[in-house]
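The primary structure of each chain is shown beneath.
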Amino acid sequence: MKQFLNFINGDFVATAKTFENRNPATNEVVGLVHEAGQAEVDAAVAAGRAALKGEWGTMSVVKRAELLHAVADEINRRFDDFLAAELADTGKPRSLASHIDIPRGAANFKIFADIVKNVPTESFQMTTPDGGTAISYGLRTPLGVVGVICPWNLPLLLMTWKVGPALACGNTVIVKPSEETPATATLLGEVMNAVGVPKGVYQVLHGFGPGSAGEFITKHPGVNGITFTGETRTGEAIMAAAAKGVRPVSFELGGKNAGIVFADADFDKAIAGITRSAFENCGQVCLGTERVYVQRPIFDKFVAALKEKAEGLKIGGPDMPGVGIGPLISAEHKQKVMGYYAKARAEGATVVTGGGEPAMTGEYANGHFVQPTIWTGLPESASVIREEIFGPCCHIAPFDTEEEAIALANATDYGLATTVWTQDLGKAHRMASAIEVGLCWINSWFLRDLRTAFGGSKASGIGREGGVHSLEFYTELRNVMVKL
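Conventions adopted
Residues numbered from 1 in each chain as written. Predicted model: local features only at pLDDT ≥ 70, side-chain atom pairs only at ≥ 80, totals over all residues. Heavy atoms only, no water. Helix = DSSP H or I, 4+ residues; strand = E, 2+ residues; numbered from the N terminus. Rg over C-alpha atoms; globule rule 2.2 N^0.38 Å. Buried < 20%, exposed > 50% of the residue type's maximum accessible area, 1.4 Å probe, protein only. Areas by Shrake-Rupley, 256 points an atom, 1.4 Å probe, with all protein chains shown as cover. Lys, Arg positive; Asp, Glu negative; His and termini not counted. Charge placed at Lys NZ, Arg CZ, Asp CG, Glu CD. Pairing = 2+ DSSP bridges. Axes fitted to C-alpha atoms, helices over the stretch in contact; angles between N-to-C directions. UniProt positions renumbered as here; feature names shortened; annotations may be inferred. Contact = heavy atoms within 4.5 Å. Domains from an automatic or database assignment. Buried area = accessible area lost by both parts, 1.4 Å probe. Salt bridge = Lys/Arg side-chain N within 4 Å of Asp/Glu carboxyl O. Polar contact = N/O pair within 3.5 Å; in protein donor to acceptor, adjacent residues only side chain to side chain. Expected span 1.5 Å × (residues − 1).

A. Region of interest: the overall build of the protein. Scanning the protein for helices and strands turns up 16 helices and 25 strands. Against the compact-globule benchmark of 23 Å for 484 residues, the protein has a radius of gyration of 23 Å, which places it among compact chains. Classification of the 484 residues of the protein by burial places 59% in the buried group. Accessible surface, the protein: about 19000 Å² in total, of which carbon and sulfur atoms supply 53%. Within the protein, one finds 44 positive and 52 negative side-chain charges whose respective centroids are separated by 3 Å.

B. Focus on the sheet that holds strand E6 (residues 123-127). If you trace the 3 strands from one edge of the open sheet to the other, you get E6-E7-E25, paired in antiparallel fashion. Two strands lie at the open edges of the sheet, namely E6 and strand E25 (475-483), each paired on one side alone. Adjacent strand axes in the sheet meet at a mean angle of 25° when their direction is disregarded. Note that E6 and strand E7 (residues 133-142) share 5 bridges and pair antiparallel. Each bridged residue has a counterpart across the sheet, and for Thr-127 the counterpart in E7 is Thr-133.

C. Seen up close, the UniProt feature "active site" (unreviewed entry) in the protein. Under the present numbering, the feature "active site" (unreviewed entry) in UniProt falls on Glu-252. Following the sequence through the fold, Glu-252 ends up in strand E12 (residues 249-252). Non-local contacts of Glu-252, meaning those with residues more than four positions away in its chain, are made with Phe-228, Thr-229, Gly-230, Cys-286, Leu-416, Phe-454 and Ser-460.

D. Region of interest: the domain arrangement of the protein. Examined at the domain level, the protein breaks down into domain 1 (1-252 + 459-481) and domain 2 (255-440). Relative to domain 2, the C-alpha centre of domain 1 lies at a distance of 31 Å. Each partner contributes residues to the interface: domain 1 has 22 residues there, and domain 2 has 30 residues. Carbon and sulfur atoms make up 58% of the surface buried where domain 1 meets domain 2, a total of about 2100 Å² over both sides. The three residues of domain 1 that bury the most area against domain 2 are Pro-24, Trp-152 and Ser-460, which together make up 24% of that side's buried surface. Inspection of the domain 1/domain 2 interface yields 1 salt bridge. Residues Arg-94 and Asp-319 are paired through a salt bridge, measuring 2.4 Å at the closest nitrogen-oxygen approach. Where domain 1 meets domain 2, there are 9 residue pairs in polar contact (both at pLDDT 80 or more). At the level of secondary structure, the elements contributing two or more residues to the side of domain 1 that touches domain 2 comprise helix H4 (79-90) and helix H5 (94-118).

E. Region of interest: the sheet that holds strand E22 (residues 439-442). Spatial strand order, E17-E18-E19-E14-E13-E21-E22: 7 strands in an open sheet with mixed pairing. Each edge of the sheet is formed by a strand with only one pairing partner; in this case those strands are strand E17 (350-353) and E22. The mean inter-strand angle of the sheet, taken between neighbouring strand axes irrespective of direction, is 25°. As judged from the 3 bridges shared by E17 and strand E18 (residues 373-376), these two strands associate in the antiparallel manner. Among the inter-strand pairings, Thr-353 is bridged to a residue of E18, identified as Ile-374. The sheet contacts of helix H12 (residues 331-346) involve E17, E18 and strand E19 (393-399), and relative to E18 the element is tilted by about 25°. Its contacts with the sheet put helix H14 (residues 402-410) on strand E13 (257-261), strand E14 (289-295) and E19, and the angle it makes with E19 is roughly 150°.

F. A look at helix H10 (residues 267-279). Taking 1.5 Å of rise per residue, 13 residues should cover 18 Å, and H10 covers 18 Å from first to last C-alpha, within 8% of that figure. Residues of H10 that are buried: Phe-267, Ala-270, Ile-271, Gly-273, Ile-274, Thr-275, Ser-277, Ala-278 and Phe-279.

G. How the structure looks around the environment of Ile-298. The residue Ile-298 is located in the loop between E14 and helix H11 (299-311) in this model. Sequence-wise, Ile-298 and Ala-263 are 35 residues apart; in three dimensions their C-alpha atoms are separated by 5.8 Å.

So, in structure tokens, the structure goes:
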């Protein structure tokens with residue numbers, strides 16, 4: 001049986017307390033995960049702080065960039081190992097993980113290394129009160145030891161999205177992967193050692209949130225900042241912990257994202273786009289679309305077409321031919337999603353399709369699979385319209401005017417993303433300006449330029465990462481004034 005060990009100061013460390021890691025597609029035990037306690041967190045913080053004062057702390061930006069390029073190359077060299085680990089942890093289709101999770105996970109190191117290597121700081125020349133001259137310039141220094149608390153839906157990609165810029169800026173990191181997906185973060189420790197990243201720079205501690213590694217990391221006074229992707233309530237708890245010591249945080253939290261389809265949209269492209277945004281990765285995407293608003297003249301046609309697409313998605317394990325939708329991450333999450341399916345029926349939804357569990361056989365008989373589900377007919381006050389479900393489902397409602405669509409999209413506590421489908425360019429720009437989100441896609445979804453800002457508004461997060469925006473969190477900007 002596999003052992004997922006903690007990675008502290010360049011060494012893999014076992015602990016007495018372990019928990020099971022299960023494959024969500026089969027519910028079989030993959031291995032045992034070694035849970036870190038306060039002692040392991042203390043050791044990791046001490047190693048991270050020592051690395052900041054050692055070789056890593058004096059290393060040039062160019063040399064750091066070379067090391068991070070080597071990390072990316074080694075991930076790609078071991079592509080099959082990372083892919084197998086990700087599939088065992090998540091159960092998602094091989095085609096999805098091989099196309100997005102692993103390549104993007106590796107690319108994050110190169111992209112941010114190159115950005116940090118080339119980004120300038122400001123400089124000004126001024127006349128002093130005594131008639132002399134002074135020059136001031138900006139100097140970026142690392143934030144320090146950064147706690148990276150990761151989600152389970154895109155484990156490698158979303159972890160390296162934070163670790164890449166953090167290391168490029170000269171920080172050290174302590175990664176706490178989700179207890180559901182420990183494998184690729186652990187495997188990355190092997191890569192760090194193989195390419196010569198100094199000890200204490202990249203560390204991994206396994207465990208849970210309250211009373212475990214997550215809480216111990218976020219409350220540790222030696223952790224200088226915390227970045228987190230996940231549920232809003234967890235973000236609130238981390239923010240409260242970070243308040244002690246006034247430590248900075250960067251959060252990408254939950255969403256209840258709206259998709260808006262106008263009657264003038266390219267119908268086939270809109271159907272294809274909403275199919276992806278509602279059902280990809282079994283709906284386990286923070287940026288996914290759980291609320292769909294369709295202009296009334298095409299409403300019935302759209303519902304029928306999306307129903308056909310949903311019913312055409314093949315449900316199964318990672319390597320089943322033609323599989324389009326995999327399992328939910330765990331039995332606990334399946335129970336949550338099925339609870340919302342029951343709530344929708346109780347609140348009077350019309351179940352267009354789905355709403356239950358598929359009949360799986362063979363090795364996948366005990367996997368955590370649910371049907372892609374579409375509802376109509378609910379009021380905006382319904383639970384499945386107000387609350388994030390994080391499953392393969394959406395509610396579709398009609399609208400008449402542009403103003404109504406904006407009001408519906410904004411009638412939520414969240415503000416992460418939206419997707420708008422129209423061929424009227426002026427309308428598209430008006431919608432993008434009026435909808436209260438961090439990301440707005442026009443006639444697309446999940447299309448990303450990693451140089452641009454990423455994050456949410458309202459209850460969907462705080463701060464922005466991506467491109468030079470990541471530097472605002474992962475560095476301290478110091479002003480230096482030189483009187484000539």
